[in-house]
Number of protein chains: 2
Amino acid sequence: MKTLFLMSLLLIGLGLPVASEEKVADYQATADRIVEASRATETGWDRLSTLCTLYPHRLSGTRGLEEAIDWIVGEMKKDGFDRVTTEEVTVPHWERGAESLVVLKEKPETLAVLALGGSVSTGPDGVEAEILVVDSYQDLEAKKDQAKGKIVVFDVPFTTYGETVGYRITGASRAADAGAVAALLRSVTPHSLATPHTGVMLYDADSKKIPFGAITPEAAQHFHRLQQAGQATRVKLILETRSYPDKISRNIIAEIRGSQFPEEVVVLGGHIDGWDIGEGAQDDGGGSLMCWEALRTLSQLGLKPRRTVRVVLWTNEENGLQGAKTYRRLHDLEIKNHVLAIESDYGTFHPTGFAFTGQEPAVAMLQEIVSLLDSSVGEMKVRTPGGGADIGPLMAEGVPGAALTHNSKKYFWYHHSPADTLDKIEPKDFTDCVATLAVTVFVVADLPQRLPFGKPGD
Amino acid sequence: MKTLFLMSLLLIGLGLPVASEEKVADYQATADRIVEASRATETGWDRLSTLCTLYPHRLSGTRGLEEAIDWIVGEMKKDGFDRVTTEEVTVPHWERGAESLVVLKEKPETLAVLALGGSVSTGPDGVEAEILVVDSYQDLEAKKDQAKGKIVVFDVPFTTYGETVGYRITGASRAADAGAVAALLRSVTPHSLATPHTGVMLYDADSKKIPFGAITPEAAQHFHRLQQAGQATRVKLILETRSYPDKISRNIIAEIRGSQFPEEVVVLGGHIDGWDIGEGAQDDGGGSLMCWEALRTLSQLGLKPRRTVRVVLWTNEENGLQGAKTYRRLHDLEIKNHVLAIESDYGTFHPTGFAFTGQEPAVAMLQEIVSLLDSSVGEMKVRTPGGGADIGPLMAEGVPGAALTHNSKKYFWYHHSPADTLDKIEPKDFTDCVATLAVTVFVVADLPQRLPFGKPGD
């Protein structure tokens, strides 16, 4: 050891490069080794399958979520990480009960319906009323006189998630303001095979709280055409939901400690909570498990970066974001030492790079790093800006933040629906995501120069 | 009129071509006119929309089917056809009642399920049992010892419809033979978003009749993975079905009578019955209405072919084929005068030609005719062999038969499911199908030379 140390001093004196002055290009062989290792194992995939099979329903406040967390923590402890721990988070606890939508006619017809997260209950007797279909808030305003006592159906076609989801968030209050007794939403998705999608909704403080559920796009369009044909439709809607007192859930944390700057942290993670339908495979079982598997890959290879690499599996992303807020609070003094925060919450498709927000030199550095994957996984691009819900509180403080991006537009086909299941994920895509994350976080954590802190323009 | 007649005689005497000796190429201008006319109207599309909106459920024996038929006949009578009539057909009458599938666990979970057509009832109390998942009949044979008293789940991946549908037809009897109390089928589809698909099933005479339902591919795979993980799954299945005495339904017939050979008939049609879920848009509302609209287009243009063009909308294709069998019987003496029978029952996508069975010269003739559409609708190919369920009885007697083909592989995404709805059809595809059918039947019906009768090699 002493000899090596003396040799380093000597080399520094000669102005020659030393082991501690790698450039990004010097990591090509290591990157290739990481990619190869991530492809040589089925551990990550098998764990994803187990999560989807045995712990499919992971809604905040439920036993399902805590059982999933227990299992993950137990498995992580077998992986030889330097630290595996959890941090307590107070989360909301809302659950769906019996739910049904029956069209009342000579032969009653039962349609698929899902209560939206946070909706008040109709009670066991349900709500029976005629429906009024609108295709926008403007249309609701125009038909306001007809809404009183009705169940308003929002048949709003999908444009982008960001645009259309507004009706899911605020639709109940807008319908209530018009006098409706309940509301139904055309599920927020660009492609449906009679698929209902749930998701969180919120009530305005000043509006009456009415039950709010999601129906299939097909049903919404059918109701709409019936209305255009002058036919009244009467339905009976049951959404037996219940809100309980807050519960304690946990963020999961696993680390490889940095060899040189252990206090500097590269964070990567997804959210371990999910909805109470489907298997939460794309949202966000795959995203969570690929981060964990990326850390395990580095650990298995004995790669010990200069900085700490930390996986965080946040809880309660779906209906409260308390995991992210609590992490931000508990790590307050560490914020300036967060070198990079990566969130993986856009599914598990073939990776294409990152959507990133950081200073200009950081963008260039990250682009150089992900290009190490071009020859093995495929061309990688760093696009700007980017971010995510769980890393939002860190990014607000100046931590550079990145979302793993994919080449698929299918994410919202599955999102929050009973079709978010393991069969929708290609094992090779999962592996490529693992490799992309592992290479990126390793190089960011190991390079002599730190990724510049701060927001663009700081 | 007399002058024209004399001129014809004169031309015949001179050996010059006369109006009565057109070749296929002479129809290009007429074909273009037909295509243009089919694109210039929304009548057909509006009628398809009305069918899907007001008459979505058209299962044999139900009032829904007969109301659809009444509406069609009423509309057809406004179209100025030479004949609009119906022919009575005795059809089976089976209906689904309440149905549910609940996974029995700490928090019971309700999954989508559809009784398969013809299934016996579980009764209102349902069947409660553990499930046994198999992926093939071989696998069922291997697990025979475990099947007694269980609900057998066939998790058979989709290969082709023809291959996989066998499990839907005979699965219940095979499961009953192994001692199962009920059976569930992974829905027969290559793509699912938690979508169940129904369809007809049959019981072997020697086997016990047990209830048989379809679940989503996602649920079947989830059950399968749970079993592989060593976890037992107990479910409660309710399929309240009921079989009633046969009823009278109707085939619908509309015609433009031939000007020269009225006894010779070119038949085109689809089936007007459908399942009791979704809207029966692709199967076979679109196929039926495009045939009707093709006839209306010829009629509107005042095109009077030499032979009769007849639209037949068969009843009871889905669960009995009694419409086709009755048509064959009632038109027994006409069989040799059936020049061509076209069936449109593969959905409503962009047309690509026909799958045809007939003598070699007939194949060549049909190819020449459909090529009239190359410049307007797109390249058309006549592939061999081809046919369809409703024209099967005619083809068995030597009538040349053709199925309209499409360039989409999505048909079985929607088929027999609640996702078979109007929004899955592009209006332009519908129009192009109308044009393709109208041009083809007009030229076949009008050419001086008749399409050769008989099977290939006759």
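Residues numbered from 1 in each chain as written. Chains lettered and ligands numbered in written order. Predicted model: local features only at pLDDT ≥ 70, side-chain atom pairs only at ≥ 80, totals over all residues. Heavy atoms only, no water.

Peer 1: For this particular structure, what's the right way to read the overall build of chain A?
Peer 2: Along chain A, the regular secondary structure elements total 14 helices and 14 strands. Here chain A has a C-alpha radius of gyration of 25 Å; the compact-globule value for 458 residues is 23 Å, and the two agree. When burial is assessed residue by residue, chain A has 60% of its 458 residues classed as buried. Surface accessibility of chain A: about 17600 Å² in total, with carbon and sulfur atoms responsible for 53%. (Helix = DSSP H or I, 4+ residues; strand = E, 2+ residues; numbered from the N terminus. Rg over C-alpha atoms; globule rule 2.2 N^0.38 Å. Buried < 20%, exposed > 50% of the residue type's maximum accessible area, 1.4 Å probe, protein only. Areas by Shrake-Rupley, 256 points an atom, 1.4 Å probe, with all protein chains shown as cover.)

Peer 1: Looking at this model, I keep getting lost on the interface of chain B and chain A. Mind explaining?
Peer 2: Quite often, the size of an interface is put as the accessible area lost when its parts meet. At the junction of the two partners, chain B supplies 33 residues and chain A supplies 33 residues. Of the roughly 2600 Å² buried between chain B and chain A, counting both surfaces, carbon and sulfur atoms make up 55%. Of all residues in chain B, Thr53, Leu193 and Arg225 of chain B give up the largest surface area on contact with chain A, accounting jointly for 26% of the area buried on that side. Linking chain B to chain A there are eight salt bridges. Our count for the chain B to chain A interface comes out at 21 residue pairs in polar contact (both at pLDDT 80 or more). Of all the elements in the fold, those that place two or more residues in the side of chain B that touches chain A are helix H3 (43-54), strand E1 (83-103), helix H8 (217-228) and helix H13 (411-414) of chain B. The element best represented in the side of chain B that touches chain A is H8 of chain B, accounting for five residues. (Contact = heavy atoms within 4.5 Å. Buried area = accessible area lost by both parts, 1.4 Å probe. Salt bridge = Lys/Arg side-chain N within 4 Å of Asp/Glu carboxyl O. Polar contact = N/O pair within 3.5 Å; in protein donor to acceptor, adjacent residues only side chain to side chain.)

Peer 1: Looking at this structure, I do not really get the relation of the copies chain B and chain A. What am I missing?
Peer 2: Think of it as a corkscrew move, a rotation about one axis and a shift along it, taking one chain copy to the other. Superposing chain B onto chain A takes a rotation of 180 degrees combined with a translation of 0.0 Å along the rotation axis, leaving an RMSD of 0.0 Å. Interpreted geometrically, this transformation is the action of a two-fold axis. Closest approach to the rotation axis within chain B is made by the C-alpha atom of Leu193 of chain B, at a distance of 2.8 Å. When you check the interface residues of chain B against chain A, 100% turn up at the interface there too, and the contact is symmetric in its surfaces. (Least-squares fit on C-alpha atoms with pLDDT ≥ 70 in both.)

Peer 1: Would you explain empty space enclosed by the protein in this entry?
Peer 2: This model, assessed by the stated rule, comprises three cavities of 30 Å³ or more. Volume-wise, the largest cavity comes out at about 50 Å³. Lining the largest cavity are Trp275, Ile277, Gly280, Asp283, His416, Ser417 and Asp420 of chain A. The residue makeup of the lining of the largest cavity, split by class, is two nonpolar, three polar and two charged. Volume-wise, the second largest cavity comes out at about 40 Å³. In terms of lining, the second largest cavity is formed by Trp275, Ile277, Gly280, Asp283, His416, Ser417 and Asp420 of chain B. (1 Å grid on protein atoms, 1.4 Å probe; cavity = no way out; pocket = protein on both sides within 12 Å on 5 of 7 lines; lining within 4 Å. Points joined across faces, edges and corners; volume = space filled by probe spheres on them. Nonpolar A, V, L, I, M, F, W, Y, C, P; charged D, E, K, R; others polar.)

Peer 1: How should the pairing of strand E11 (residues 338-343) of chain A be read in this particular structure?
Peer 2: Residues and elements named next belong to chain A. Burial of E11 is extensive: six of the six residues sit out of reach of the surface. Direction of pairing for strand E9 (residues 261-269) relative to E11: parallel, over a ladder of five bridges. In the sheet register, Gly269 faces E11, and the bridge partner there is Glu343. Relative to strand E14 (residues 401-406), E11 is paired through three bridges, and the arrangement is parallel. When the bridges of E14 are listed, Glu343 appears paired with Ala403. (Pairing = 2+ DSSP bridges.)

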